[in-house]
Amino acid sequence: MTEYNLIFGDALVELKKLPDSSVDLIVADPPYNLGKDYGKTKDNLEKTEYLEFSKEWLAECNRLLKPNGSIYIFMGIRYISYIYQILEDDLGLDFQNWIVWHYTQGLGKKKGFSSRHDDILVFSKGSNPKFNLDDIRIPQKFYRKINNMRGANPGNVWEFSHVHYCNENRQNHPTQKPEGLIERIVLASSDENDVVLDPFSGSGTTLRVCQQLNRNGIGIEIHQEYIDLTHDRLSKEFNGFDSIDPRMERVPFDLRDPEIREEYLRNHENWFLKNHPDSVEKFRKEVKKLYEVSKVKPKQKELF
Ligand SMILES: C[S@@+](CC[C@H](N)C(=O)[O-])C[C@H]1O[C@@H](n2cnc3c(N)ncnc32)[C@H](O)[C@@H]1O
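The notes below deal with the structure included here. A quick note: this is a predicted structure, and the numbers were derived from the prediction, not measured. (Residues numbered from 1 in each chain as written. Predicted model: local features only at pLDDT ≥ 70, side-chain atom pairs only at ≥ 80, totals over all residues. Heavy atoms only, no water.)

### Re the overall build of the chain
Within the chain, the regular secondary structure consists of eight helices and eight strands. Rg of the C-alpha trace for the chain: 20 Å, near the compact-globule value of 19 Å for 304 residues, within the 12% margin. C-alpha extents for the chain along the principal axes are approximately 65 × 45 × 40 Å. Looking at the 304 residues of the chain, the share that counts as buried comes to 51%. For the chain, the accessible area works out to roughly 15,700 Å², and carbon and sulfur atoms hold 50% of it. (Helix = DSSP H or I, 4+ residues; strand = E, 2+ residues; numbered from the N terminus. Rg over C-alpha atoms; globule rule 2.2 N^0.38 Å. Buried < 20%, exposed > 50% of the residue type's maximum accessible area, 1.4 Å probe, protein only. Areas by Shrake-Rupley, 256 points an atom, 1.4 Å probe, with all protein chains shown as cover.)

### Some thoughts on the pairing of strand S2 (residues 23-28)
Both faces of the sheet carry side chains from a regular strand, because those side chains alternate between them. Within S2, six of the six residues are buried, leaving the element largely enclosed by the surrounding structure. Relative to strand S3 (residues 65-75), S2 runs parallel, the two sharing five bridges. Bridged to Val23 within S3 is Leu65. Between the parallel pair S2 and S3, the chain is carried across by helix H2 (residues 47-64), and the sense of this crossover is right-handed. Summarising the sheet, S2 and strand S7 (residues 195-198) pair through two bridges and their orientation is parallel. Looking across to S7, one finds that Leu25 is bridged to Val196. (Pairing = 2+ DSSP bridges. Right-handed = clockwise from strand over helix to strand, strands pointing away.)

### A word on the pattern of salt bridges
Inspection of every chain in the model, using the stated rule, returns 18 salt bridges. Across the pair Asp29 and Lys177 runs a salt bridge, and its minimum N-O distance is 2.9 Å. Remark: Lys177 occurs in the loop between strand S6 (157-159) and helix H4 (179-189) and Asp29 occurs in the loop between S2 and H2; sequence separation between them is 148 residues. Here the two residues Asp29 and Lys177 agree in accessibility, since each one is buried. Its salt-bridge partner being Arg284, residue Glu269 comes within 2.8 Å of it at the nearest N-O pair. Of this pair, Glu269 sits in helix H7 (residues 258-272) while Arg284 sits in helix H8 (residues 277-293), and the two are 15 residues apart along the sequence. The exposure class assigned to Glu269 is partly exposed, which follows from its relative accessible area of 21%. (Salt bridge = Lys/Arg side-chain N within 4 Å of Asp/Glu carboxyl O.)

### Overview of the sheet that holds S7
Spatial ordering of the open sheet is given by S1-S8-S7-S2-S3-S5-S4-S6, a layout of eight strands whose pairing is mixed. What marks the edges here is a single partner per strand, and that holds for strand S1 (4-8) and S6. Each strand axis lies, on average, 20° off the axis of its neighbour in the sheet, ignoring direction. Sitting on the sheet, H2 is in contact with S2, S3 and S7, with an inclination near 150° to S3. Those strands touched by helix H3 (residues 77-90) are S3, strand S4 (94-102) and strand S5 (117-124), and its axis lies near 0° from that of S5. (Axes fitted to C-alpha atoms, helices over the stretch in contact; angles between N-to-C directions. Contact = heavy atoms within 4.5 Å.)

### Some details on the packing of aromatic side chains
Per the counting criterion, the structure on display carries 14 aromatic pairs. Ring plane angle 35° and centroid distance 6.3 Å describe the contact between Tyr84 and Trp98, whose orientation is recorded as tilted. Placement of Tyr84 in helix H3 and of Trp98 in strand S4 is noted, with a sequence separation of 14 residues between them. Tyr84 gets classed as partly exposed once you look at its relative accessible area, which sits at 21%. Ring plane angle 70° and centroid distance 6.1 Å describe the contact between Tyr264 and Trp271, whose orientation is recorded as edge-to-face. For Tyr264, a relative accessible area of 4% translates into the label buried. Residue Trp271 is classed as partly exposed on the basis of its relative accessible area of 28%. Among the aromatic side chains, those forming a connected cluster through ring pairs are Tyr50, Phe53, Trp57, Tyr79, Tyr82 and Phe200. Positioned above the aromatic ring of Phe74 is the side chain of Lys177, whose terminal nitrogen or guanidinium carbon lies 5.8 Å from the ring centre. (Phe/Tyr/Trp six-rings, centres within 6.5 Å; stacked < 30°, edge-to-face > 60°. Lys NZ or Arg CZ within 6 Å of the ring centre and 35° of its normal.)

### Describing the side chain of Asp245
With respect to the element layout, Asp245 can be found in the loop between helix H6 (224-235) and H7. Engagement of the side chain of Asp245 in a polar contact is seen with the side chain of Arg184, the distance being 2.8 Å. A distance of 2.8 Å separates a polar atom in the side chain of Asp245 from a polar atom in the side chain of Arg247. Look past the residues within four positions of Asp245 in its chain and what remains in contact with it is Ile138, Glu159, Phe160 and Arg184. (Polar contact = N/O pair within 3.5 Å; in protein donor to acceptor, adjacent residues only side chain to side chain.)

### Digging into unusual backbone geometry
Even without glycine at this site, Asn68 takes up a positive phi of about 65°. Structurally, Asn68 can be placed in strand S3. The backbone of Asn193 shows a phi angle near 75°, a positive value even though the residue is not glycine. Summarising the element assignment, Asn193 is placed in the loop between H4 and S7.

Right, dumping it as structure tokens:
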């Protein structure tokens, strides 16, 4: 049975109280300094002040990471290059990935192109970080003998929609992240019973995901109302994560051999939809459409 530890306070103060080399994975979604309204704290520091703040919490995270531990940092375009430089040049961490989180909805700009992505930097402390590829594979688009039907690598462009206001898991927090996205990070870069730290816990998305995936989550949050909200969220019954990469629901084309098809379909839900009961029905409908109605030859059209 894993535990969670939600700490009320300033990350700059609280991180210093945690022991050296005690964390396997850090998922950090700091304020981007873009003027978001988090209540009491200002998200509009002077540039130099924001960079000093970033250097300080990142240095603490570096101290806390175990050898070969990983850190994922969400960041907007304005500061991402500075954060990259701090991680690589100041702290000597190893670059692993630059992930683009693509979302399909958001504010429509009247001038210039509307923003449709945030980015996630992935660094590790050492060159051999944990990476559990089999736990994060996505279904293949086509059945082919040469394809590994256990699934493909999801790549570094991830589509997850924001948690809609009508979603029953939507919290009263301005920058709540989709659970499906954090699920992929946690599955890829930690094992069961590992320690996962989120220094800017917000509505508690990382802690919720850790709770369901048997990781020991530590969260730090400066606002009491978000702390209360998180405790409440973590006490609720779990009915599946609130978001999913749409590729997880796709049924491969060309699964014409009934034996191969049956074996594949038996496995699909278990491999890809384990924590997403809401997607199972959609998947089954798609299977019916492709393989029961047309029986022999599925329509050669792409699902997504
Ligand atoms: C981008 S949000 C995190 C959202 C979170 N990932 C989620 O899914 O809800 C950043 C959070 O950091 C908190 N915060 C800002 N400054 C902080 C500090 N110095 N220490 C701890 N938390 C802080 C804000 O209150 C806000 O909830």
